[in-house]
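Chain by chain, the residues run as shown.
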Amino acid sequence: MAHVILGLLLIIPMSFYDLIKAFESGVALFYSASSGSIKRALDGLLARGLIEVASVEGGRGRKVYRVTDAGREEFRTWMTADPAGPDLETAALARLYFLGLVEQPERLPVMRRITARIEAELATLTDLDERLDALNVPDEHRDLATHQRAALSYGIASGRFMLDWFRDHAERLSRDTP
């Protein structure tokens, strides 16, 4: 979540309330967060010196936050690193959402790292599917196994779609990159 907040603040300095609205209106497409988790992440970014209070506005002391130089470097490092974590779709879509914030020459390599991770996860699922074909499922578990295999099949189909989509976007990006 911290990197998503950094990305949002790189677009424009915002208050806590503005960040909540930004999550609700755009980021929620790929990442959901409560106001409490946004506040904790914001406090952590402040403590690490990755953001700072740019101004305090109004009678209620509304703080507007902006990214520091260290925060810019942290964001760039995250964007250009291999997508990690258990939720590949969120990791991929977060980087896609903020891809316009990294320098033009870095964008295609980001897309290639995303597609490499998708390929690896898809290969793992496909391998599991093949290994399950060889298993002898006891009669009392066949119904359960049928639905578990359906979930695996969905995961494989979803992974194939994601891979095709990211490959197509990377191809468009490579054509548009001078």
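Residues numbered from 1 in each chain as written. Predicted model: local features only at pLDDT ≥ 70, side-chain atom pairs only at ≥ 80, totals over all residues. Heavy atoms only, no water.

### Considerations on the overall build of the protein chain
Here is step 1 of the chain: Secondary structure summary: the protein chain contains 7 helices and 3 strands in total.
Here is step 2 of the chain: By principal-axis analysis of the C-alpha atoms, the protein chain measures approximately 70 × 45 × 25 Å.
Here is step 3 of the chain: The burial tally for the protein chain puts 34% of its 178 residues in the buried class.
Here is step 4 of the chain: Accessible area for the protein chain stands at about 10,500 Å²; split by element, carbon and sulfur atoms hold 54% of it. (Helix = DSSP H or I, 4+ residues; strand = E, 2+ residues; numbered from the N terminus. Buried < 20%, exposed > 50% of the residue type's maximum accessible area, 1.4 Å probe, protein only. Areas by Shrake-Rupley, 256 points an atom, 1.4 Å probe, with all protein chains shown as cover.)

### Examining the sheet that holds strand β3 (residues 62–67)
Here is step 1 of the chain: Here we have 3 strands laid out as an open sheet, ordered β1-β3-β2, and antiparallel in their pairing. Because the sheet does not close on itself, it has two edges, and the strands there are β1 (14–15) and β2 (51–57).
Here is step 2 of the chain: Of the strands in this sheet, β2 and β3 are in contact with helix α3 (residues 35–47), which crosses β2 at around 110 degrees. (Pairing = 2+ DSSP bridges. Contact = heavy atoms within 4.5 Å. Axes fitted to C-alpha atoms, helices over the stretch in contact; angles between N-to-C directions.)

### Brief notes about the pairing of β2
Successive side chains on a regular strand alternate, one facing one side of the sheet and the next facing the other.
Here is step 1 of the chain: With 6 bridges joining them, β2 and β3 adopt antiparallel strand pairing. Bridge assignment links I51 to a residue of β3, and that residue is V67.
Here is step 2 of the chain: The loop that links β2 with its antiparallel partner β3 comprises 4 residues; one of these, G58, has a positive phi angle of about 70 degrees.

### Quick look at the side chain of T90
Here is step 1 of the chain: Following the sequence through the fold, T90 ends up in helix α5 (residues 88–97).
Here is step 2 of the chain: Here T90 is in contact with F30 and Y31, once residues within four sequence places are set aside.

### Regarding the pattern of salt bridges
Any two side chains of opposite charge can pair, given that their charged atoms come close.
Here is step 1 of the chain: The final tally for this structure, using the stated rule, is 16 salt bridges.
Here is step 2 of the chain: Across the pair D43 and K39 runs a salt bridge whose closest N-O atoms are separated by 2.9 Å. Taken together, the residues D43 and K39, both in helix α3 and 4 residues apart, mark about one turn of the helix.
Here is step 3 of the chain: Judged by its relative accessible area of 34%, K39 falls in the partly exposed class.
Here is step 4 of the chain: In this structure, E52 and R66 form a salt bridge, with 2.7 Å as the shortest nitrogen-oxygen distance. Residue E52 is found in strand β2, and its partner R66 is found in strand β3; the two are separated by 14 residues along the sequence.
Here is step 5 of the chain: The partly exposed category is assigned to E52, whose relative accessible area is 32%. (Salt bridge = Lys/Arg side-chain N within 4 Å of Asp/Glu carboxyl O.)

### Remarks on the packing of aromatic side chains
Here is step 1 of the chain: The final tally for this structure, using the stated rule, is 5 aromatic pairs.
Here is step 2 of the chain: Between the aromatic rings of F75 and W78, the centroid separation amounts to 5.7 Å while the plane-to-plane angle is 50 degrees, which identifies the pairing as tilted. You can see F75 and its partner W78 sitting in helix α4 (residues 69–80), 3 residues apart, about one turn around the helix.
Here is step 3 of the chain: Seen in terms of ring centroids, Y97 and F98 are 5.0 Å apart; in terms of plane orientation they differ by 85 degrees. Their pairing is edge-to-face.
Here is step 4 of the chain: Exposure remark for Y97: the relative accessible area of 37% places this residue in the partly exposed category.
Here is step 5 of the chain: For F98, a relative accessible area of 1% gives the class buried.
Here is step 6 of the chain: Each residue in the set F30, F75, W78, Y97 and F98 is aromatic and connected to the rest through ring pairs, giving one cluster. (Phe/Tyr/Trp six-rings, centres within 6.5 Å; stacked < 30°, edge-to-face > 60°.)

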